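Here's the letter readout for the chains.
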Amino acid sequence: MAMDKGPVRMRSPAKLNLYLEVKGKREDGYHEVKLLNVAVDLCDSVEVELGGKEISIECGHPGVPEDEGNLCHKAARLFFDLGFAPPRGVRIKIDKHIPVAGGLGGGSSNAAATLAALARLTGFEDPGGELIRAAAKIGADVPFFLFHSPAWAEGVGEILSPAGPIPDWTFLIVGFPFGVSASWAYENFDLTSPPKRDTLNHSGNAGNFISLKEFRNDLEPVVTARRPEVLKAKKLLIENGGLGAMMSGSGPTVFGVFDDLRNAEAAALAFEMEHGLLSRVAGTIKGKIIEEFH
């Protein structure tokens, strides 16, 4: 099989959870979840090139490891270990724009972009969905980024099904100068009082989408008990014109939903000028998530 040494540069978007229900803890220690994921156009870029004998990572962000602890390194190792292509050295460069440890899935997106780039470089074709199944070995959010947006994710995040069309919302994403460990949030979930167990029954219906009233994040009480700043940011988003607001994933990043781009931009300015919080306006990505930059 002919190989293209590249490099190839992939769009690596963030995701928001519009619904996050923790359904229980499995014997293996992982939590069963039900998620509604939407990809947004706040993106890193991941450049991948074949060459050398080792897997090397270059990023330069102080919160991103450049060794075996990086999910991109794990993705590249897995790609070759599973025999998708003969083993090769790989050089990976990550340009970070997604907040690190913010609940936006940036590391998982980078790993998915690495898998997609290696498939492109090696000519690997995946009609049977092997790559998505393999992605679950790296992290629960990685399969979603190789699927399409919006989507429901169940199990530990690896069981994917299409969600209905998303409204033309604009999101204002508010970050903080601190991160939250996803493992810490899940480990401490049982120490809080979870919301009422009112599981949405989408029954695999691709035409079903949820309303703002049905937004849910079971991990939010865990994080806000330690970080009340999250609740304050939610309140400020509503006060500045947001239709709704919620923490994404394991946090601490918060997003507000706006029906108009100008309203979102005005709120972003208010957050920066009046509250000193970094915010970003983002639109939804519909359909394919990971794509090559040209």
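Note on numbering: residues in each chain are counted from 1, in written sequence order. Selection of residues for local features in this predicted model requires a pLDDT of at least 70, selection of side-chain atom pairs for listing and counting requires 80 or more, and totals for whole chains, interfaces and linings are taken over all residues. Just so you know, side-chain values use all the structure's heavy atoms and leave hydrogens and water out.

> Is there a simple way to think about the overall build of the chain in this case?
Counting from the N terminus, the helices are the DSSP runs of H or I reaching at least four residues and the strands are the DSSP runs of E reaching at least two. Summing up its helical and strand segments, the chain has eight helices and 14 strands in all. In terms of overall dimensions, the chain is globule-like: its C-alpha atoms have a radius of gyration of 19 Å, near the 19 Å expected for 294 residues. With the C-alpha coordinates of the chain rotated into their principal frame, the extents come out at 55 × 45 × 35 Å. For the chain, the residues scored as buried account for 53% of the 294 residues in total. Counting only contacts in the chain whose residues sit at least 6 apart along the sequence, the fraction spanning at least 24 positions is 75%. It is over C-alpha atoms that the radius of gyration is taken, and the globule rule equals 2.2 Å times the number of residues to the power 0.38. Note on exposure labels: buried denotes an accessible area under 20% of the residue type's maximum, exposed denotes more than 50%, and partly exposed covers the range between, all computed with a 1.4 Å probe on protein chains only. In this analysis, two residues are considered to be in contact whenever any of their non-hydrogen atoms come within 4.5 Å of each other.

> It is not clear to me how the packing of aromatic side chains should be interpreted in this structure. Could you clarify?
Ring pairs (aromatic) are described by centroid distance and by the angle formed between their planes. Two rings from Phe, Tyr or Trp (for Trp, the six-membered ring) form a pair when their centres sit within 6.5 Å of each other. Planes less than 30 degrees apart are called stacked, planes more than 60 degrees apart edge-to-face, and all others tilted. Going through the model one piece at a time under the given rule, you end up with eleven aromatic pairs. When the centroid spacing of 6.4 Å and the interplanar angle of 75° are considered together, the rings of W169 and F171 count as edge-to-face. A relative accessible area of 0% places F171 in the buried class. Relative to F215, the ring of W169 has its centre 5.8 Å away and its plane inclined at 85°; by these criteria the two rings are edge-to-face. In this pair, W169 is assigned in the loop between β7 (159-162) and β8 (170-174) and F215 in the loop between α5 (182-187) and β9 (216-217), connecting sequence segments 46 residues apart. One exposure class covers both W169 and F215, and it is buried. Three or more aromatic residues link up through ring pairs in this structure, and these residues are F79, F80, F84 and F124. A cation sits over an aromatic face here: R227 above F178, 3.7 Å from the ring centre. Should the NZ of a Lys or the CZ of an Arg lie within 6 Å of a ring centre and within 35 degrees of the ring normal, that charge is described as sitting over the ring.

> I would appreciate a short explanation of the pairing of strand β3 (residues 55-58) in the present structure.
In the case of a regular strand, side chains alternate between the two sheet surfaces. Only one face of β3 is covered, namely the one carrying I55 and I57; the face carrying S56 and E58 has none of its residues buried. Pairing between two strands requires that DSSP report at least two bridges joining them. The pairing of β3 with strand β4 (residues 90-95) spans four bridges and is classified as parallel. From the neighbouring strand, E58 faces β4, where its bridge partner is K93. Seen with its strands pointing away from the viewer, a crossover is right-handed if its path from the first strand over the helix to the second goes clockwise. What joins β3 to β4 is helix α1 (residues 71-81), and the crossover it makes is left-handed.

> What is the right way to look at a negative patch on the surface in this model?
Together, E58, E66, D67 and E68 make up a negatively charged patch on the protein surface. On the accessibility criterion, E66 (43% relative accessible area) is partly exposed. Patch rule: a residue counts if its relative accessible area is over 30% and it has no salt bridge; like charges are joined within 9 Å, and nonpolar side chains (Val, Leu, Ile, Met, Phe, Trp, Tyr) within 5 Å. Values of accessible area rely on a 1.4 Å probe in the Shrake-Rupley scheme; residue burial ignores everything except the protein chains shown. What counts as a salt bridge is simple: a side-chain nitrogen of Lys or Arg found within 4 Å of a carboxyl oxygen of Asp or Glu. When charges are tallied, Lys and Arg are placed among the positive residues and Asp and Glu among the negative ones, while His and the ends of the chain are skipped. Charge positions are represented by NZ for Lys, CZ for Arg, CG for Asp and CD for Glu.

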